[in-house]
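In case you want the letters, here they are:
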Amino acid sequence: MGALKPWHIAVLVVVLILLFGAKRLPDAARSLGRSLRIIKAETKSLHDDDRDLAEKADAQSGYQPLPPQGQPYAPPPAGQQPYAAPAPQQPYAPPVTDPVQRVRDN
């Protein structure tokens, strides 16, 4: 029990011809083939994109940030971390005023 025998395939072909008609089967097979080809191409491009991202990550792992302007670069002493950029300053934000309170004050 389990092996597909030639008469199974013949019955399947006859049922398909009866259901869909002889004219529509080649078109259906052609569109199925195109769909499978598109899926194969897309999955291949996904794998290629993953490989490209991994290569870029490996290439950028050796870069160090630039020192501040006006200071020459000196490699860090042994055992110390490379130069770390200072934390960015927060931009000035005016105090928040309630528009309703501002109208009441006037």
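Rules behind the numbers
- Residues numbered from 1 in each chain as written.
- Predicted model: local features only at pLDDT ≥ 70, side-chain atom pairs only at ≥ 80, totals over all residues.
- Heavy atoms only, no water.
- Helix = DSSP H or I, 4+ residues; strand = E, 2+ residues; numbered from the N terminus.
- Buried < 20%, exposed > 50% of the residue type's maximum accessible area, 1.4 Å probe, protein only.
- Areas by Shrake-Rupley, 256 points an atom, 1.4 Å probe, with all protein chains shown as cover.
- Patch = residues over 30% accessible without salt bridge, like charges linked within 9 Å, V, L, I, M, F, W, Y side chains within 5 Å.
- Salt bridge = Lys/Arg side-chain N within 4 Å of Asp/Glu carboxyl O.
- Lys, Arg positive; Asp, Glu negative; His and termini not counted.
- Charge placed at Lys NZ, Arg CZ, Asp CG, Glu CD.
- Expected span 1.5 Å × (residues − 1).
- pLDDT = per-residue confidence, 0-100.

Concerning the overall build of the chain
If you tally the helices and strands in the chain, you get three helices and zero strands. Beginning at the N terminus, the succession of helices and strands in the chain can be written as α-α-α. Split into buried and exposed, the 106 residues of the chain put 0% on the buried side. Put simply, the chain shows about 10500 Å² of open surface, and 62% of that area lies on carbon and sulfur atoms.

Structural notes on a negative patch on the surface
A surface patch of negative charge is lined by Asp49, Asp50, Asp52 and Glu55. One can find aspartate 52 in helix H2 (residues 24-60). Assessed through its relative accessible area of 41%, aspartate 52 is described here as partly exposed.

Structural notes on a nonpolar patch on the surface
On the surface, a cluster of nonpolar side chains totalling about 700 Å² of accessible area is made up of Trp7, Val11, Leu12, Val15, Leu16, Leu19 and Phe20. Here tryptophan 7 shows up in helix H1 (residues 6-20).

Considering H1
For H1, built from 15 residues, the straight-helix expectation of 21 Å at 1.5 Å per residue is met to within 8% by its first-to-last C-alpha distance of 21 Å. Glycine 21, located one to two residues past H1, shows a positive phi value of around 90°.

A look at the confidence of the model for the chain
Chain-level pLDDT for the chain is 76 on average; 63% of the residues reach the 70-or-more range. Model confidence for the chain, summarised as mean pLDDT per element, is weakest for helix H3 (residues 99-105) at 71 and strongest for H1 at 88.

A closer look at the pattern of salt bridges
All chains considered together, the criterion is met by one salt bridge. The partner of arginine 30 in a salt bridge is aspartate 27, with the nearest N and O atoms 2.9 Å apart. Here arginine 30 and its partner aspartate 27 are both found in helix H2, three residues apart, which amounts to about one turn of the helix. By relative accessible area, which is 44% here, arginine 30 ends up partly exposed. Aspartate 27 gets classed as partly exposed once you look at its relative accessible area, which sits at 45%.

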